[in-house]
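# An overview of the molecular structure
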Amino acid sequence: MKLHARRRLAPALWFAASVLLLAAPVRGDAAATYKSKCAVCHASNGSGDTAVGKSLKLGDLRSPAVQKQTDAQLIAMISDGKGGMPGYKDKLSADEIKQLAAYLRVLGKKK
Ligand code: HEC
């Protein structure tokens, strides 16, 4: 009986381990994309405290006003742009944009 249960658990553990292994580089990629595409205006920590950010009067991406938005809203905003912000749907894949939206949550928690 015990052996049987262990056999059924093994694939689940294997699955969990692969998800963790796959998720780590994905997060790294979003951080790299953010640094190369977004940080010039929004600063690497999201504060908007850059020369460009100040001239555009950027808000803080870690602020509640941004963080309270749904993932779908953030994704739409990054895809289509808004005001002085260019849209990224032609430059980044839908998946990269989704990961960036998730990365904004990571920045929000770091404050
Ligand atoms: C050229 C400078 C510039 C770059 C590069 C840029 N942004 Fe922005 N971003 C802006 C400006 C300007 C706004 C404010 C838009 C407005 O509210 O009119 C903004 C606003 C935002 C907002 C907040 C929207 C809101 O509702 O307040 C998010 C989220 C955001 N940017 C994410 C990103 C991400 C992710 C990237 C990289 C893919 C990026 N931005 C690249 C200039 C930039």
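Shown above is the structure to which this text applies.
Residues numbered from 1 in each chain as written. Predicted model: local features only at pLDDT ≥ 70, side-chain atom pairs only at ≥ 80, totals over all residues. Heavy atoms only, no water.

What follows deals with unusual backbone geometry. Despite not being glycine, Ala-43 has its phi angle at roughly 70 degrees, a positive value. Relative to the helices and strands, Ala-43 is located in the loop between α1 (2-42) and α2 (51-55). Of the residues examined, Ala-43 reaches a relative accessible area of 7% and is grouped as buried. The backbone phi angle of Lys-57 is positive, close to 55 degrees, even though this residue is not glycine. (Helix = DSSP H or I, 4+ residues; strand = E, 2+ residues; numbered from the N terminus. Buried < 20%, exposed > 50% of the residue type's maximum accessible area, 1.4 Å probe, protein only.)

Here the iron atom of the ligand is held by His-42 (NE2) and Met-85 (SD), and the distances to it run 1.9 to 2.0 Å. Taken together, the six donor atoms coordinating the iron atom of the ligand span angles of 86 to 178 degrees at the metal, a pattern that classifies the geometry as octahedral. On the criterion of sequence distance, the pair formed by His-42 in helix α1 and Met-85 in the loop between α4 (71-80) and α5 (94-110) is long-range, its members being 43 residues apart. By relative accessible area, which is 12% here, His-42 ends up buried. (Donors = N, O, S within 2.8 Å, 3.2 Å for Na, K, Ca; no water. Tetrahedral: all angles 85-135°; square planar, octahedral: opposite > 155°, others 65-115°.)

Taken together, 20 residues sit near the ligand, with Cys-38, Cys-41, His-42, Gln-69 and Met-85 positioned nearest. Within the side chain of His-42, a nitrogen or oxygen atom sits 2.8 Å from a nitrogen atom of the ligand. In this structure, Lys-82 approaches the ligand through a side-chain N or O atom, which is 3.2 Å from an oxygen atom. Taken atom by atom, the bulk of the ligand overlaps the largest pocket. Broken down by secondary-structure element, the contributors of at least two residues to the shell around the ligand are α1, α4 and α5. A total of five residues in the shell around the ligand trace back to one element, the largest contributor, which is α1. (Near = heavy atom within 4 Å. Polar contact = N/O pair within 3.5 Å; in protein donor to acceptor, adjacent residues only side chain to side chain. 1 Å grid on protein atoms, 1.4 Å probe; cavity = no way out; pocket = protein on both sides within 12 Å on 5 of 7 lines; lining within 4 Å. Sits in = over half its atoms within 2 Å of the grid points.)

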